[in-house]
Amino acid sequence: MSVFSKNKEENFMAWYLDIVRRAQIVDTRTEVKGANVLMANGYEIWDRMKNVLDGKFKKTGHKNMYFPLLIPEKFLTLESTHFEGFVPEVGWVTKVGERDLEEIYALRPTSETIMYHMYAQWIRAYTDMPLKVNQWCNIIRIDTKDTKPLLRDREFQWTEAHTCHSSAEEAEEQVKQSMWIYGSFFDECCLPYIIVKRPKHDTFPGALYSVAYDCPLPDGKSLQIGTTHNLDQGFSKVFEIRFQKADGSHDYAYQTCYGLSTRVIAAVIGVHGDSRGLIIPPFLAPMQAVIVPILFKGKEEKVVNECKEVLETVKKAGYRVLYDDKDKTSGWKFNEYELLGVPLRIEIGPKDVEKESVVVVRRDTKEKISVKKDNINRTINELLEKITDELKTRAKNFLENSITDVLTYEELEAQLTLEKAGYIRTNWCTDVSCSDHIKEKFKANILGTKYGEEEKMFGNCSICGNEAKEVAYISKTY
Ligand SMILES: [Zn+2]
């Protein structure tokens, strides 16, 4: 039985909007289009994500810093392709009180320019590098498209890391390290994704090349959940990030940057949620287990004491666990924690106390298991691992089922006009005109080619029929 008016398979967006509202992930009633409140239940997930990623950043030599929200117009215009790429989405501060400003400021759509202006003042010699800076902050991009909470916001939270290196090889290594940081994180979130090198025309403005992490959603569209860019010397030449090499000669820094945002929360919700609510992967869950007392008149005390004892035992083992003693029915609590996606529910009633056992219920499969109280921590450990495995298997199958190989234009057209097109893998000549055709006719995008893996072509370009140069992925996107 579904607690939502629409199920995820028949109307993903209706289900999604319902779930983020009812699970109190986001409240959109701010009267600022595309800028919402990230509620406590959503923020707790974001906090977990931040902790996990921050640990990976620190382990790999990144330092956190904070740069200003306001960016002088002249910085943003220095790198012209970068500027042109962001102009339509940039909000400007032009006035203070009644006075027009002589120099206007952009609300940061991303921080390359202000950071690199500073890097130029910090870097003098090869010994000042590698410089690896991460920033946790908000971003403002006032695009004209439809906004959708967490999927497409005008203001959102993110992490952006920006690095400088003394050689192209080292920058290339950094690109790979960013892929390990993001890839291992997405794996921990049990998300399905493909790593795709974007085509030239869709490269980040100012970058040598861009790599994106694309996640399929149940409505057959793709969500970009992170990006890595090899900037080479494009920005460092403009911002004068110049350094002296060991041999005394001079060069410009080789740079990379990578970012991901609260969109990952939307991906976790969309991929794992079901007709009862969220399913949060154990690694990410703010609460991994909730203890719910099953109370009967006259037998409350024994049950409450037992719950408290189990709470202490589980807490001591290091699990994130909650004991809900609110004055609400157990049925209400079951529904509530299913809605919030807590991986395990521990039920304790009078009969369980007598048998010195507890009932553990899995959120993902709804399986109920009775276990001896003494074995509770071992069982929790096993079940959290099983849930993680189950969610990873679901994600893997979902990704595999999302990809369709297409050889001819007729097949391409048939697939793209389906209600859920998913990812189309096909041969492409790499001409922009073919990409434009896909965009205009089907409102879909050529995402690019699989990174680090040369896939074998199996025919001509399915769009124009000319000789193909690579195997590309096409999909509708957010
Ligand atoms: Zn073509």
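The rules we used
- Residues numbered from 1 in each chain as written.
- Predicted model: local features only at pLDDT ≥ 70, side-chain atom pairs only at ≥ 80, totals over all residues.
- Helix = DSSP H or I, 4+ residues; strand = E, 2+ residues; numbered from the N terminus.
- Rg over C-alpha atoms; globule rule 2.2 N^0.38 Å.
- Buried ≥ 20, exposed ≤ 12 C-beta atoms within 10 Å, placed from the backbone.
- Core = buried A, V, L, I, M, F, W, Y, C linked by C-beta atoms within 7 Å.
- Contact = placed C-beta atoms within 7 Å.
- Expected span 1.5 Å × (residues − 1).
- Pairing = 2+ DSSP bridges.
- Axes fitted to C-alpha atoms, helices over the stretch in contact; angles between N-to-C directions.
- Domains from an automatic or database assignment.
- Parallel < 35°, antiparallel > 145°, perpendicular 65-115°, else oblique.
- Left-handed = near helix turned anticlockwise from the far one by under 90°.
- Arc of directions from axis to C-beta.
- Nonpolar A, V, L, I, M, F, W, Y, C, P; charged D, E, K, R; others polar.

Re the overall build of the protein chain
Next, step 1: Looking only at helices and strands, the protein chain features 14 helices and 23 strands.
Next, step 2: Computed over C-alpha atoms, the radius of gyration of the protein chain comes to 25 Å, within 12% of the 23 Å expected from 2.2 N^0.38 for 478 residues, which places it in the range of a compact globule.
Next, step 3: Viewed in the frame of its principal axes, the protein chain has a C-alpha envelope of about 80 × 55 × 55 Å.
Next, step 4: For the protein chain, with 478 residues in total, the buried portion stands at 40%.

Description of the nonpolar core
Next, step 1: Judged by nonpolar contacts, the single largest core of 109 residues is most densely connected at Leu191, Ile241, Ala267, Val268 and Ile269.
Next, step 2: Leaving out residues up to four positions away in the same chain, Ile269 has contacts with Tyr16, Ile19, Val20, Ile25 and Leu278.

Let's talk about helix H9 (residues 300-316)
Next, step 1: Between its first and last C-alpha atoms H9 spans 24 Å; for 17 residues at 1.5 Å apiece the expected length is 24 Å, and the two agree.
Next, step 2: Buried residues along H9 sit in contact with strand E15 (289-293), strand E16 (321-323), strand E17 (344-348), helix H11 (350-355), strand E18 (357-362) and helix H12 (376-402).
Next, step 3: Once H9 finishes, Gly318 follows within two positions and takes phi at roughly 95°, a positive value.

Brief notes about the environment of Lys50
Next, step 1: Tracing the backbone through its elements, the reader meets Lys50 in helix H2 (residues 40-59).
Next, step 2: Remark: the alpha-carbon pair of Lys50 and Ile403, spanning 353 residues in sequence, is separated by 31 Å.

Quick look at the sheet that holds strand E4 (residues 70-72)
Next, step 1: Pairing is antiparallel across the open sheet formed by three strands, whose spatial order is E4-E6-E5. With partners counted over all chains shown, the strands left at the sheet margins are E4 and strand E5 (92-96), one partner each. Averaged over all adjacent pairs, the angle separating strand axes in this sheet is 50°, with direction ignored.
Next, step 2: Where E4 and strand E6 (residues 99-107) come together, three bridges link them in antiparallel fashion.

Some words on the domain arrangement of the protein chain
Next, step 1: The domain boundaries assigned to the protein chain delineate domain 1 (12-70 + 109-272), domain 2 (289-386) and domain 3 (403-477).
Next, step 2: Measuring from the centre of the C-alpha atoms in domain 1 to the corresponding centre in domain 2 gives 38 Å.

A word on the packing of H9 against H12
Next, step 1: It is at 9 Å that the axes of H9 and H12 come closest, and there the two elements cross at 60°. The angle between the axes of H9 and H12 places the two elements in the oblique class. Relative to H12, H9 is oriented so that their crossing is right-handed. From H9, Val310, Thr313 and Val314 reach across to H12, where they touch Ile376, Asn377 and Ile380.

Details of helix H1 (residues 12-22)
Next, step 1: Restricting attention to buried positions, one finds in H1 the residues Trp15, Tyr16, Ile19 and Val20. Across the axial projection of H1, the buried residues extend over an arc of 120°, all falling on one side.
Next, step 2: Residues of H1 that are buried sit in contact with strand E1 (26-27) and helix H8 (263-272).
Next, step 3: Backbone geometry just after H1 places Gln24 at a positive phi near 50°.

Quick word on the environment of Pro205
Next, step 1: Tracing the chain through its elements places Pro205 in the loop between strand E9 (194-197) and strand E10 (209-216).
Next, step 2: Spatially, the C-alpha atom of Pro205 lies 5.3 Å from that of Thr81, the residues being 124 residues apart in sequence.
Next, step 3: Among residues more than four places away in sequence, those in contact with Pro205 are Thr81, His82, Glu84, Gly85 and Phe86.

Describing unusual backbone geometry
Next, step 1: With an omega of 5°, the peptide bond running from Met129 to Pro130 counts as cis.
Next, step 2: Tracing the backbone shows Pro130 in the loop between helix H5 (112-122) and strand E7 (131-140).
Next, step 3: At Leu150, a position not held by glycine, the phi torsion is positive, near 70°.
Next, step 4: Topologically, Leu150 is positioned in the loop between E7 and strand E8 (155-165).
Next, step 5: Overall, the presence of 26 C-beta atoms within 10 Å leaves Leu150 in the buried class.
Next, step 6: In the Ramachandran plot, Cys190 falls in the positive-phi region, its phi being about 55° despite a non-glycine side chain.
Next, step 7: Inspection of the secondary structure puts Cys190 in the loop between helix H6 (168-188) and E9.

Thoughts on the sheet that holds E18
Next, step 1: Pairing within the open sheet is mixed, and its five strands lie in the order E16-E15-E17-E18-E19. Taken across any chain shown, the strands that pair with only one partner, and hence form the sheet edges, are E16 and strand E19 (368-372). Here the strands of the sheet are splayed against their neighbours by 25° on average, with no regard to which way each runs.
Next, step 2: In this structure, E15 lies alongside E17, joined through five bridges in parallel fashion. The partner of Ile291 across the bridge, within E17, is Ile346.

Here we look at the packing of H2 against H6
Working note: a packed helix pair is described by the angle between its axes plus the distance between those axes.
Next, step 1: At a minimum axis separation of 10 Å, H2 and H6 run at an interaxial angle of 150°. In this view, H2 runs roughly antiparallel relative to H6, as classed from their interaxial angle. H2 and H6 meet at a crossing whose hand is right-handed. Of the residues in H6, those touching H2 at Val52, Leu53, Lys56 and Phe57 are Ile181, Phe185 and Glu188.
Next, step 2: Broken down by class, the residue content of the contact of H2 with H6 amounts to five nonpolar, no polar and two charged.

Considering the pairing of E8
Next, step 1: With 10 bridges connecting them, E7 and E8 associate as antiparallel partners. Its bridge partner lying in E8, Leu131 is registered against Cys164.
Next, step 2: Bridge analysis of E8 against strand E14 (residues 254-261) gives eight bridges, and the strand direction is antiparallel. Within the sheet, the bridge partner assigned to Cys164 lies in E14 and is Gln255.

Concerning the environment of Gln224
Next, step 1: Tracing the backbone through its elements, the reader meets Gln224 in strand E11 (residues 221-232).
Next, step 2: Sequence separation of Gln224 and Thr313 is 89 residues, and the distance between their C-alpha atoms is 41 Å.
Next, step 3: Sequence-distant contacts of Gln224, that is, excluding residues within four places in its chain, are made with Ala212, Asp214 and Thr477.

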